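# Structural characterization, general
Chain by chain, the residues:
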2 protein chains.
Amino acid sequence: MTPIRISLVDDHPVVLAGIRALLQAAPEVELVGEASTGATGLKIICECSPDIAVIDLSLPDMSGIELTRKALKRCPGVKIIVLTVHEDRAYIHPVLEAGARGYLLKRSAADELLRAIRIVKQGDTYLDPAIAEKASMAAPHSYAVAGNDGGELSRREEDVLKLVAQGLSNKQIAGQLEVSIKTVETYKSRASEKKGLRSRADIVRYGVQHGWLAAPN
Amino acid sequence: MTPIRISLVDDHPVVLAGIRALLQAAPEVELVGEASTGATGLKIICECSPDIAVIDLSLPDMSGIELTRKALKRCPGVKIIVLTVHEDRAYIHPVLEAGARGYLLKRSAADELLRAIRIVKQGDTYLDPAIAEKASMAAPHSYAVAGNDGGELSRREEDVLKLVAQGLSNKQIAGQLEVSIKTVETYKSRASEKKGLRSRADIVRYGVQHGWLAAPN
DNA sequence: AGCCCATGACAGGTTTTTCCTGACATTGCG
DNA sequence: CGCAATGTCAGGAAAAACCTGTCATGGGCT
């Protein structure tokens, strides 16, 4: 049996090396390229044309979603598994729309990655069990995912929510984002509306759940 | 030569397994315990009393800082290396103050972890080069640093600061503590005075540093 | 092409919250 | 006993947040 050829894209070399070590322990997979940025990731995927590319959702220069899209455009044959810390089901939709075939949480069990790889290799789609149920309830087949989710946050909306969760006032946020306070208020209220957050405490909780409360950037 | 005994604490089993695989490739280290939460981490550290514990900064039930403190209290012999994605130097002080001997970024090179382990094993302190320079400027040797300690917080003051850090309004806090808003305001201002916190963002940072904001679920 | 609507960007005015400046009772400690 | 720290609260001023609109732009869809 020919080995499953895999490329890895993840900033955080420690994590990268870790997954590499993990995969090398599996006899049926063969590593054919690693990268730590979106740009280099795209390059190695095109050059190596692996069976499967495992991509971190958050990369320094572009999101994993963007990389997924670009990689598939240039190299439609690859199957892409997105690896992420985000448990928010809001992410799953754009990821799948971008054409990824797998969505795996970093906090899921280690052998899930191997399972995901095998499943995706066979042409199926793998979703992490922890979110698959949530996501598939509304839309069994197509990922229309209507329902309680008032939509995904735009870039600005997420920026503002992050800063709010970190305790900054609207004024401070306005300063940091270089827009007016009023604009900040708009983003905040739109974002709160979408996610059903009513108080500042809700936003903080949301931020904690998304791992925002640690890195002011 | 006796092997270096190491315990690992990291939520994200994929990452955990990865680092495990990494370390198993090094002949001089021996893995003696893994955990994915602060509570179990504390337990395995106490039970296994490893030479070194590698701890992720953000854990579901408590912060890595809190775990560091607790682990050292019960088991002063262990040397702790904190592993994190956060490059903000604001985290390094509390980490070192808590008694950790190493501070390593996940995005630093893979063999840095081994280097860090060897260095810390010898009794030295390892700081990731990327932030070491920034951090060592202010406090070259001893991390007495503690900033401006205007005294210890009283019970009520700490209660209020915690709630503020979690994003509650004075009114909500008043409700929760069953005192008047005015009383809450007093505690808050006294506490802020003592610790030199001027904005809500300062309070949130203070809370993060003290592990008050780790996943309330 | 034309339309819709999500997004980015603001403003005015009202409502809430927070901040500043006290105040007073209680309690432990030198 | 006096005194400092703490717990408790008020009034009024200042700041922040919130609500309701506006307007432009750029995709997408029909």
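Structural notes, computed from the coordinates. If you're wondering where the values come from, they're calculated on a predicted model, not measured in any experiment.

The rules behind the values
Residues numbered from 1 in each chain as written. Chains lettered and ligands numbered in written order. Predicted model: local features only at pLDDT ≥ 70, side-chain atom pairs only at ≥ 80, totals over all residues. Heavy atoms only, no water. Axes fitted to C-alpha atoms, helices over the stretch in contact; angles between N-to-C directions. Helix = DSSP H or I, 4+ residues; strand = E, 2+ residues; numbered from the N terminus. Parallel < 35°, antiparallel > 145°, perpendicular 65-115°, else oblique. Contact = heavy atoms within 4.5 Å. Nonpolar A, V, L, I, M, F, W, Y, C, P; charged D, E, K, R; others polar. Pairing = 2+ DSSP bridges. Buried < 20%, exposed > 50% of the residue type's maximum accessible area, 1.4 Å probe, protein only. Expected span 1.5 Å × (residues − 1). Arc of directions from axis to C-beta. Polar contact = N/O pair within 3.5 Å; in protein donor to acceptor, adjacent residues only side chain to side chain. Left-handed = near helix turned anticlockwise from the far one by under 90°. Near = heavy atom within 4 Å.

## Some words on the packing of helix α8 (residues 170-177) of chain A against helix α9 (residues 181-195) of chain A
Residue and element names in this part refer to chain A. At a closest axis distance of 8 Å, the pairing of α8 and α9 adopts a crossing angle of 105°. Considered as vectors, α8 and α9 are oriented roughly perpendicular to each other. The residues of α9 that touch α8, namely those facing N170, K171, I173 and A174, are I181, V184, E185 and K188. Classifying every residue of the contact of α8 with α9 gives four nonpolar, one polar and three charged.

## Regarding the sheet that holds strand β4 (residues 79-84) of chain A
Residue and element names in this part refer to chain A. With respect to topology, six strands assemble into an open sheet ordered β2-β1-β3-β4-β5-β6, the strand pairing being parallel. In this open sheet, the two strands that pair with only one neighbour each are β2 (29-35) and β6 (126-127). The pairing of strand β1 (residues 4-9) with strand β3 (residues 52-56) spans four bridges and is parallel. Within the sheet, the bridge partner assigned to V9 lies in β3 and is I55. The strands touched by helix α2 (residues 38-48) within the sheet are β1, β2 and β3, with β2 carrying the most contacts at an inclination of about 140°.

## Quick word on the pairing of strand β4 (residues 79-84) of chain B
Residues and elements named next belong to chain B. Within β4, six of the six residues are buried, which leaves the element mostly enclosed by the surrounding structure. Judged by which residues are buried, β4 turns out to be covered on both faces: K79, I81 and L83 on one side and I80, V82 and T84 on the other are all buried. With five bridges connecting them, strand β3 (residues 52-56) and β4 associate as parallel partners. Paired with D56 across the strands is L83, a residue of β4. Inspection of the sheet shows β4 paired to strand β5 (residues 102-105) by four bridges, in the parallel sense. Residue T84 lies in a different strand from β5, and its bridge partner there is L105.

## A few points about helix α9 (residues 181-195) of chain B
All names here are of chain B. Compared with the 21 Å implied by 1.5 Å per residue over 15 residues, the 21 Å span of α9 between its first and last C-alpha is a close match. Where α9 is concerned, the buried positions are V184, Y187, A191, S192 and K195. Along the long axis of α9, the arc covered by the buried residues comes to 125°, so they all point the same way. Turned more than 90 degrees from where α9 packs its buried face, K182 and E193 sit exposed. Structurally, the start of α9 carries an N-cap: the backbone nitrogen of K182 is 3.0 Å from a side-chain oxygen of S180. In the stretch just after α9, G196 is the one whose phi turns positive, near 70°.

## Concerning the packing of helix α7 (residues 155-165) of chain A against α8(A)
Residue and element names in this part refer to chain A. Remark: α7 packs on α8, axes separated minimally by 10 Å, with the N-to-C direction vectors making an angle of 130°. Taken together, the axes of α7 and α8 lie oblique to each other. Of the two elements, α7 crosses α8, and the hand of that crossing is right-handed. Every residue of α8 that contacts α7 at R156, D159, V160, L163 and V164 is listed here: I173, Q176 and L177. Its residues assigned to classes, the contact of α7 with α8 shows five nonpolar, one polar and two charged.

## A word on the protein's contact with DNA strand D
Around DNA strand D sit 17 residues, and of these S154(B), K182(B), T186(B), Y187(B) and R190(B) come closest. Between DNA strand D and K188(A) there is a distance of 3.0 Å, counted from a phosphate oxygen to a side-chain nitrogen or oxygen. The side chain of R190(B) places a nitrogen or oxygen atom 2.8 Å from a base nitrogen of DNA strand D. Taken together, the elements giving at least two residues each to the surface near DNA strand D come down to α8 and α9 of chain A together with α9 of chain B. At six residues, the largest contribution of residues to the surface near DNA strand D is made by α9(B). Split into classes, the residues belonging to the surface near DNA strand D amount to two nonpolar, six polar and nine charged.

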